[in-house]
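# Reading the structure
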Amino acid sequence: MLSYKGTREAFTKALIDLSAEDDRFLLVSPDSLKAMRATPFADLYPDRYIEVGIAEQNAVAVAAGLASCGLVPFVATYGGFITMRACEQLRTFVAYPHLNVKFIGINSGIFGGEREGVTHQFFEDLGIVRSIPGITVVAPADEHQVYHAVKAIANIDGPVYLRAGNGREHVVYDQDAPFDLGKIRVLKEYGTDVALFANGFIMNRALEAAEILNAQGIKVTLADVHTLKPIDVEGITKILAKCGAAVTVEDHNIIGGLADAVAKVSTDHCPAPIGRIGLQDVFPGSGPAEAVLDCYGMAVQDIVTAVKTVLSKKR
Amino acid sequence: MLETNSVAKLQKIANQLRLDVVKMVHDAKDGHPGPALSAADIITTLYFRELNIDPSNPKWADRDRFILSKGHACPALYAALARKGYFSVEEFQGLRGLGCLLQGHPCMKKTPGVDMTSGSLGNGLSIGVGMAIAAKYRKKSYNTFVILGDGEIQEGIVWEAAMCAKRYQLNNLIVFVDHNGWQSGGQVKDISGLLPILPKWEAFGWHCQTIDGHDFTQIITAIDTAKKTPGPSVIIAKTIKGKGLPYMENDNSWHKRVPTDAELAVAVEALGGNANA
């Protein structure tokens, strides 16, 4: 039954599966049907596919109107076009009235935008939406988690922003692994030297770094913080208390995303030194997906080094 | 043809709404009376003749929808909602105050009868398009009405929505442009290259009418015509900013200004309503 390959396809499959049982779900497309790999949905449910043209602000505001009438629209397109071009519509007309609109932002991170360059590399989206009250923010780690996450967010009332990729995402989860909205998931427990908090399609690198460190005698606990908001304060605090130091790993600017979310939990509940792997507040550039991550501070070796640095600061 | 006494009735209600607006802004010591008065006759016609709504059931799924996209004119909307019975006229006192029912700009979560949050200009038409598509999808017969300001339609999203409404041939979407010729910073004709307005909508494939936005017979006839068109319909309503109070008319300082006690007294005299009831 799981006939998808890639996070966009996983989204479409989840939407199709949801729609078989509930006619409230709609797809609002600012000419993103092909980009979203969502043509099978439109073929199956032509009247549930709302095409608004290349007009993201319109897409989000139309979705607000649909949601105000009891429908549940998914606005799906490039993450930056949702969170930047249509930011105000998302904030004032969806989040403020707490309307039930779901946002799927593809090409997330610089890995997702890769060869397209900065115009299509989105590394501010999580910071932008996190700062808006009342919106749930989710960054799953692979296609299977996207599939389950889409189903999970469909079943809560209120706006959600979910990150998807561009097709190059590595599979790191079992197909059937559940997606527990709002809860971190511990992926590796080698030990408690340092905590690794990661999310999104860089998870394979965090896993690899954890393994390398283990071979070198540094034992980390790796947790997937797929729900950035509401953040799992209890789960993160528990790991921080055990490890006493942490490194965050995300394909996002180090401002506004996972690093800040974890740092807030830490300062509020369990002060600890924290290293931040991510885009170091610079504009990246075009390049092959893996190479851009390597080039802009998100290489496996960068994670390894950050763990060692933070370990040396541990009291 | 419309009966003379129904026009007289609407005129009387419009006068009351205008007085409510002036009183509200006077008491709150803040707000936009001029833009509210230019839209007052359209709002009166919608709420007291046209809209199929139930004040005792504000969220009724089959109701007609109304979006005041030029949300800063909300004192006129609040007046209409209170006079329809959605909430007490005593709420007028709290306009723009802490913990108030009547926010500085319309808030659908706080004010009964407000179908959509508004105030950030340009967005109401897209939202109306969403409501109209929802009606088609659910096979419901309600109509969606939107009031846009003439300054407001300088926002690009308005034209994104115009294209979208055309694609879906939304014959259940009726839009008024409150064409009073003014915006915050001055006259529309001086600030933008927008004018003339009507050919723009024509070019987008909309059914277009131009009326006197203070003539109830014309407003009603235009709505009736709009309902019969096969696609989206816009009514360019020529209006006067501050209409109804000579000291306010076409004086753009009243875009946002608080009437003095003396000016309120003049309004009570001119509009012949009850400033307290």
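Residues numbered from 1 in each chain as written. Chains lettered and ligands numbered in written order. Predicted model: local features only at pLDDT ≥ 70, side-chain atom pairs only at ≥ 80, totals over all residues.

## Describing the sheet that holds strand β6 (residues 160-163) of chain A
Hydrogen bonding along the main chain pairs the strands of a sheet, whether they run parallel or antiparallel. All names here are of chain A. The cut-off we apply is this: Here a strand pair is declared whenever DSSP counts at least two bridges between the two strands. By the criteria applied, helices consist of DSSP H or I runs no shorter than four residues and strands consist of E runs no shorter than two, each listed in order from the N terminus. Every axis corresponds to a line fitted to the C-alpha atoms, with the helix fit spanning only the stretch in contact, and the corresponding angles, defined between N-to-C directions, vary from 0 to 180 degrees.
On the basis of which strands lie adjacent, the open sheet formed by 7 strands has the order β2-β1-β3-β4-β6-β5-β10 and mixed pairing. Where the open sheet ends on each side, the last strands, each with one partner, are β2 (49-51) and β10 (227-229). When the angles between neighbouring strand axes are averaged without regard to direction, this sheet yields 20°. As paired strands, strand β4 (residues 102-106) and β6 are joined by 4 bridges and run parallel to one another. In the strand pairing of β6, lysine 102 is matched with valine 160.

## Side note on unusual backbone geometry
Put simply, the rule is: With C-beta atoms placed from the backbone, a residue is labelled by how many other C-beta atoms lie within 10 Å of its own: buried for 20 or more, exposed for 12 or fewer, partly exposed between the two.
Cis geometry marks the peptide bond from Lys229(A) to Pro230(A); its omega dihedral reads 0°. Note the cis peptide between Leu195(B) and Pro196(B), where omega equals -5°. Turning to its location among the elements, Pro196(B) is positioned in the loop between α6 (188-191) and α7 (198-203). Backbone geometry at Lys29(B) places phi at a positive 60°, although glycine is not the residue there. Take Lys29(B): it is sitting in the loop between α1 (4-28) and α2 (33-50). Among the residues examined, Lys29(B) registers 10 C-beta atoms within 10 Å and is labelled exposed.

## A word on the domain arrangement of chain A
Many structure descriptions define interface size as the accessible area lost when the parts assemble. Residues and elements named next belong to chain A. Test applied: Segmentation of the chain into domains, including their bounds, is taken from an automatic or database domain assignment. Each residue receives one of three labels: charged for Asp, Glu, Lys and Arg, nonpolar for Ala, Val, Leu, Ile, Met, Phe, Trp, Tyr, Cys and Pro, and polar for the others, Gly being one of them.
Assigned domains within chain A: domain 1 (7-163) and domain 2 (185-313). For domain 1 versus domain 2, the distance between C-alpha centres works out to 26 Å. Elements that contribute at least two residues to the side of domain 1 that touches domain 2 include exactly α6 (109-113), α7 (125-130) and β5 (136-138). The dominant element in the side of domain 1 that touches domain 2, judged by the number of residues it contributes, is α6, at 4 residues. Partitioned by chemical class, the residues of the side of domain 1 that touches domain 2 number 11 nonpolar, 8 polar and 7 charged.

## Side note on the confidence of the model for chain B
For clarity, the threshold we go by: A score between 0 and 100, pLDDT records how confident the predictor is in each residue.
Averaged over every residue, the pLDDT of chain B is 96; the share at 70 or more is 97%. Here the predicted complex scores 0.97 on pTM and 0.97 on ipTM.

## What about the packing of helix α3 (residues 56-68) of chain A against helix α5 (residues 87-95) of chain A?
All names here are of chain A. Test applied: Comment on the angle field: the value is read as roughly parallel under 35 degrees, roughly antiparallel over 145, roughly perpendicular from 65 to 115, and oblique elsewhere. Contact between residues is assigned whenever the C-beta positions, reconstructed from backbone atoms, fall within 7 Å.
As a packed pair, α3 and α5 sit with axes 9 Å apart at the nearest point and diverge in direction by 5°. In this view, α3 runs roughly parallel relative to α5, as classed from their interaxial angle. Contacts from Gln57, Val60, Ala61 and Ala64 of α3 reach α5 at Gln89, Leu90, Phe93 and Val94. Tallied by class, residues from the contact of α3 with α5 come to 6 nonpolar, 2 polar and no charged.

## Some details on helix α1 (residues 7-19) of chain A
Residues and elements named next belong to chain A. For clarity, the cut-off: Under the convention used throughout, the expected extent of a helix is 1.5 Å for every residue step, that is, one less than its residue count.
Spanning 13 residues, α1 covers 18 Å between terminal C-alpha atoms, matching the ideal 18 Å at 1.5 Å per step. Those residues of α1 not exposed but buried are Thr7, Arg8, Glu9, Ala10, Phe11, Thr12, Lys13, Ala14 and Leu15. Along its buried surface, α1 packs onto β1 (25-29), α2 (39-44), β3 (72-78), β4 and α8 (143-154).

## Focus on the pairing of β6(A)
Residue and element names in this part refer to chain A. For clarity, the threshold we go by: With strands facing away from the observer, any crossover in which the path from the first strand over the helix to the second runs clockwise is taken as right-handed.
Of the two faces of β6, both are covered, the one formed by Val160 and Leu162 as well as the one formed by Tyr161 and Arg163. Note: β5 against β6, 3 bridges, orientation parallel. Residue pairing across strands places valine 138 opposite leucine 162, the latter belonging to β6. Following the backbone out of β5, through α8 and into the adjacent parallel β6, one traces a crossover that is right-handed.

## Points about the interface of chain B and chain A
With 22 residues of chain B in contact, the opposing surface of chain A contributes 24 residues. Breaking the side of chain B that touches chain A down by element, the ones donating at least two residues are α4 (124-137) and α5 (156-167) of chain B. For the side of chain B that touches chain A, the element with the most residues is α4(B), which contributes 9 residues. Tallied by class, residues from the side of chain B that touches chain A come to 13 nonpolar, 6 polar and 3 charged.

## Quick notes on α5(A)
Within α5(A), 7 of the 9 residues are buried, which leaves it mostly tucked inside the rest of the structure. Restricting attention to buried positions, one finds in α5(A) the residues Gln89(A), Leu90(A), Arg91(A), Thr92(A), Phe93(A), Val94(A) and Ala95(A). Contact partners of the buried residues in α5(A): α3, α4 (79-85) and β4 of chain A together with α4 of chain B.

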